[in-house]
Amino acid sequence: MWNVPLFELNFDDQESDAVQQVIDSRWLTMGDRIQSFESQFSSLIGNSVYATAVSSCTAALHMALLALDIKPGDEVIIPALTFVADINAVVMTGATPVPADSEALSDWNVSCRSIQDRITSKTKAVIVVHFAGYPCEMEAISILCKEHHIALIEDVAHGPGILYRGQQCGSFGQVGCFSFFTNKNLSIGEGGMFVTGDPELHQKALYLRSHGMTALTLDRHKGRAVSYDVIQPGLNYRMDEIRAAIGQVQLQKLSTANARRGVLVSHYIHCLSACDGVTIPFLDYIGQQGSQPAYHIFPVLLAPEYHRPTVIEGLKHEGIQTSIHYPSFRDFSAYRTYGFAATPVADQISRQVLTLPLFPGMTFEQVELVTNTLKSIIQNMEHNHATSA
Ligand SMILES: *Cc1c(COP(=O)(O)O)cnc(C)c1O
């Protein structure tokens with residue numbers, strides 16, 4: 001249907017074989033594959049971190065807030081520019097979400113200064129998002145949170161594989177939450193990972209993931225446990241073996257896939273360099289010492305005079321799929337009445353952002369089709385503007 005879809009899976013026979021092996025093994029959930037996927041993932045993020053595979057990043061975010069004892073009356077600072085999962089997870093705990101603004105139109109990550117401005121005596125946690133796979137200012141943000149005794153949660157749904165000064169994102173805060181949703185850098189379908197360096201939070205995550213139970217089904221199957229106790233209330237946020245098997249294959253492909261995304265982003269930047277009316281964010285991050293983006297998506301900012309729905313329609317007409325990362329919370333029915341403090345930079349980005357296709361299997365020709373089409377749409381709009389003026 002699309003000449004250039006927004007995203008395409010980088011699956012081959014390896015994923016199919018891995019799934020078939022699980023089916024043949026007759027063991028579908030919480031088995032050896034979960035354990036090896038977790039240990040492989042934790043070695044990617046850091047030497048001394050614990051990784052807990054869960055059903056989604058949203059589950060990991062919810063677990064992080066519960067494990068940190070976030071409750072009604074507490075405030076949690078989140079980026080104004082992010083997916084709705086962050087605000088939803090906070091609201092589901094009964095705590096109050098407090099959106100902080102983006103740094104600048106050239107750096108869409110949440111601003112440390114804006115976080116600082118929002119801190120009150122009720123602030124219990126900060127959630128940061130490494131937007132589009134570019135790392136936040138983790139040094140300043142970590143120091144700020146430590147000074148105020150506030151927990152730091154990293155939403156690394158736009159990773160994994162993001163380096164900030166040589167260190168993997170997801171290992172800076174108390175908890176790192178990863179997504180393996182279909183269109184993320186590591187695709188499973190539905191899935192996520194809860195990562196922490198704190199053994200107590202790790203233990204809490206295990207309880208929250210599986211009904212607060214002391215023994216797993218596998219332990220009972222292998223004769224290691226006959227019964228179980230329930231230590232605390234918990235949920236069922238487990239991942240299954242089929243997904244863990246796909247995850248292991250995808251994890252092996254991750255660094256090559258992220259590098260390929262980087263090459264495609266460089267080509268995008270080259271092709272759009274002479275295009276007035278389109279601003280590319282995060283240019284300062286590329287090639288920065290010790291920093292390694294994961295290049296999750298390729299969002300650009302359209303100049304305000306270009307009517308975004310017309311641009312989207314024009315690209316669609318050529319078979320090019322686009323998206324918007326992200327609409328503002330303020331415009332959602334559930335959050336319209338919350339009366340958040342002003343976040344002018346994030347709001348402007350929400351109004352003018354356009355996300356262009358990006359996936360490891362994309363070709364340079366597809367990048368050029370996208371950029372040439374975008375340029376000609378903009379030129380036509382300028383021409384129409386000039387002739388009607
Ligand atoms: C995709 C995404 C999530 C949610 O991930 P799921 O695994 O689908 O729950 C959360 N935060 C951000 C920034 C995301 O992009």
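Going by the structure above, here's the rest.
First, a word on what this report is: a plain description of the structure on this page. Keep in mind that this is a model prediction, so the values were computed, not measured.

Parameters and conventions
- Here the residue numbering is sequential within each chain, running from 1 through the sequence in written order.
- Reporting in this predicted model follows two pLDDT cut-offs: at least 70 for local features of residues, and 80 or more for side-chain atom pairs to be given and counted; totals over whole chains, interfaces and linings ignore these cut-offs and use all residues.
- Each side-chain value is worked out from all heavy atoms of the structure, with water and hydrogens disregarded.
- Each helix is a run of DSSP H or I of at least 4 residues and each strand a run of E of at least 2, with the numbering of both proceeding from the N terminus.
- C-alpha atoms define the radius of gyration in this analysis, and the globule rule sets the expected value at 2.2 Å times the number of residues to the power 0.38.
- For each residue, the accessible area found with a 1.4 Å probe, counting protein chains only, is set against the maximum for its type, and the residue is called buried under 20%, exposed over 50%, and partly exposed in between.
- Residue contacts follow a heavy-atom distance rule, with two residues in contact if any of their heavy atoms lie within 4.5 Å.
- Note that accessible areas follow from Shrake-Rupley with a 1.4 Å probe, and for residues the cover is restricted to the protein chains shown.
- Positive charge is attributed to Lys and Arg, negative charge to Asp and Glu, and no charge count is given to His or to the chain ends.
- Note on charges: their place is set at NZ of Lys, CZ of Arg, CG of Asp or CD of Glu.
- For two strands to be treated as a pair, DSSP must find no fewer than two bridges joining them.
- Only C-alpha atoms enter the line fits that serve as axes; for helices the fit covers just the stretch in contact. Angles between N-to-C directions range over 0 to 180 degrees.

## A short note on the overall build of the chain
- Scanning the chain from terminus to terminus reveals 12 helices and 14 strands.
- What you see for the chain is a C-alpha radius of gyration of 22 Å, in line with the 21 Å of a compact globule of 389 residues.
- Seen through its principal axes, the chain has C-alpha atoms that stretch 80 × 55 × 40 Å.
- Expressed as a percentage of the 389 residues in the chain, the buried residues total 56%.
- Taking the intrachain contacts of the chain between residues at least 6 apart in sequence as the baseline, contacts between residues at least 24 apart amount to 73%.
- Surface accessibility of the chain: about 16900 Å² in total, with carbon and sulfur atoms responsible for 52%.
- Separation between the mean location of the 26 positive side-chain charges and that of the 38 negative ones in the chain comes to 5 Å.

## Observations concerning the sheet that holds strand 1 (residues 50-54)
- Pairing is mixed in the open sheet, where seven strands are placed in the order 1-11-10-7-6-2-3. Looking at strand neighbours, the two that pair on one side only are strand 1 and strand 3 (96-100), the edges of this open sheet. Pairwise comparison of adjacent strand axes, ignoring direction, gives a mean angle of 20° for this sheet.
- Of the strand pairs in this sheet, strand 6 (residues 123-129) and strand 7 (residues 151-155) are connected by five bridges, and their pairing is parallel. Across the sheet, the residue bridging to V126 is L152, located in strand 7.
- Contacting strand 1, strand 10 (175-179) and strand 11 (192-196), helix 2 (residues 32-45) runs over the sheet at an angle of about 130° to strand 1.
- Packed on one face of the sheet, helix 6 (residues 138-147) meets strand 6 and strand 7 and runs near 145° to strand 7.

## What about the pairing of strand 5 (residues 107-110)?
- Burial along strand 5 is two-sided: D107 and N109 and W108 and V110, pointing in opposite directions, are all buried.
- Bridge count for strand 4 (residues 102-104) against strand 5 is two bridges, and the pairing is antiparallel. The residue of strand 5 that forms the bridge with A104 is D107.
- Taking the residues between adjacent antiparallel strands as the criterion, strand 4 and strand 5 are bridged by two residues.

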